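Below are the chains, spelled out letter by letter.
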Amino acid sequence: MAQRPYVVVHVGMSVDGATTGFQPDVARFYQLAQTWTEDLTLAGADTILAQEEALAQAEGPGPAEGGPLLAVVDGRGRVTQWEALRDAGHWSDVVALHCASTPERPPGRQVRELVTGADRVDLAEALRALGRDDGVRVVRVDSGGGLTGALMTAGLVDEISLLVHPCLAGERATRFWYGSAPAAAPLILATAQSLPDGLVWLRYHR
Ligand SMILES: NC(=O)c1ccc[n+]([C@@H]2O[C@H](COP(=O)([O-])OP(=O)(O)OC[C@H]3O[C@@H](n4cnc5c(N)ncnc54)[C@H](OP(=O)(O)O)[C@@H]3O)[C@@H](O)[C@H]2O)c1
């Protein structure tokens, strides 16, 4: 059986663990995201949907030659801006991850598909297939927590990178970085670094 890629979750969060409801330091977040030079960025559908309006209006520079692939978990077939994602200038190409129950796609849609799982995308199988067929060795997860929780529950996360912002999201928070991951999973601290503007960067291994 093909070995699955190394999976790192890199997330910007408030002190109370939220991924929404505060103003993240986007520049620092993406500067640190370059640490892993991932072969594949893995995003949840809701993360992409949160940007769809902006994507629809943007005229991107086109695919980034030599850049990572983008794979979007889209079990319910909700994402529509596939070409805008490909043209956004961050990724070399885009793959839609679907499952057998994903609603029928519009004819002629210009995006590669990988279908795994019955009612939801089989995340383990999708990662193995991307490793086997695309030579993906390192995956960086970009998610608001829903996808991260599912990956952690399935034992598919190797590293967690938390960029902690000096604020509380409080009742403005709607998502938390761990999603529905099981409680009491032990983590091993790899590094802890103070950064300018009160940011703290924590890296853990499973
Ligand atoms: N602070 C940060 O670093 C950061 C990073 C990214 C995004 N965000 C924010 O977070 C929000 C979105 O986050 P979110 O947590 O709602 O969603 P998300 O993690 O982007 O997306 C959830 C995805 O996970 C899939 N999923 C969940 N459980 C699954 C399972 N058991 N098996 C297979 N697939 C599963 C869902 O599948 P289906 O397709 O089947 O529903 C969906 O595609 C946005 O507001 C975004 O702006 C913050």
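Residues numbered from 1 in each chain as written. Predicted model: local features only at pLDDT ≥ 70, side-chain atom pairs only at ≥ 80, totals over all residues. Heavy atoms only, no water.

For the protein chain, an unreviewed UniProt entry supplies the name 2,5-diamino-6-(Ribosylamino)-4(3H)-pyrimidinone 5'-phosphate reductase and the organism Nonomuraea polychroma. As stated in UniProt under Pathway (unreviewed entry), the record for the protein chain gives "Cofactor biosynthesis; riboflavin biosynthesis." (UniProt positions renumbered as here; feature names shortened; annotations may be inferred.)

### Re helix α1 (residues 26–33)
All buried positions along α1 are accounted for by R28, F29, L32 and A33. Each buried residue of α1 sits inside an arc of 140 degrees when the element is viewed along its axis, so together they form one side. The secondary structure elements touched by the buried residues of α1 are β1 (6–14), β6 (138–142), β7 (159–165) and β9 (200–205). (Buried < 20%, exposed > 50% of the residue type's maximum accessible area, 1.4 Å probe, protein only. Helix = DSSP H or I, 4+ residues; strand = E, 2+ residues; numbered from the N terminus. Arc of directions from axis to C-beta. Contact = heavy atoms within 4.5 Å.)

### Remarks on the packing of aromatic side chains
Applying the stated criterion across every chain, the model contains four aromatic pairs. Ring centres of F29 and Y30 lie 4.9 Å apart, and the angle between their planes is 85 degrees; this geometry places the pair in the edge-to-face category. Aromatic pair W36 and W201: ring centres 6.4 Å apart, planes at 85 degrees, arrangement edge-to-face. Residue W36 is found in the loop between α1 and β2 (40–44), and its partner W201 is found in strand β9; the two are separated by 165 residues along the sequence. Of the residues examined, W201 reaches a relative accessible area of 7% and is grouped as buried. (Phe/Tyr/Trp six-rings, centres within 6.5 Å; stacked < 30°, edge-to-face > 60°.)

### With respect to unusual backbone geometry
A positive phi is found at T37, a non-glycine position, where the angle reads about 35 degrees. Positionally, T37 belongs in the loop between α1 and β2.

### Quick look at the site of the ligand
As a structural note, the neighbourhood of the ligand is formed by 26 residues, with G12, T47, V73, G146 and R175 the closest of them. In the environment of the ligand, a nitrogen atom lies 3.2 Å from a nitrogen or oxygen atom belonging to the backbone of T19. Backbone polar atom of V73 to an oxygen atom of the ligand: 2.8 Å apart, as the coordinates give it. Here the ligand loses 82% of its free accessible area of 950 Å² to cover by the protein chains. (Near = heavy atom within 4 Å. Polar contact = N/O pair within 3.5 Å; in protein donor to acceptor, adjacent residues only side chain to side chain. Areas by Shrake-Rupley, 256 points an atom, 1.4 Å probe, with all protein chains shown as cover.)

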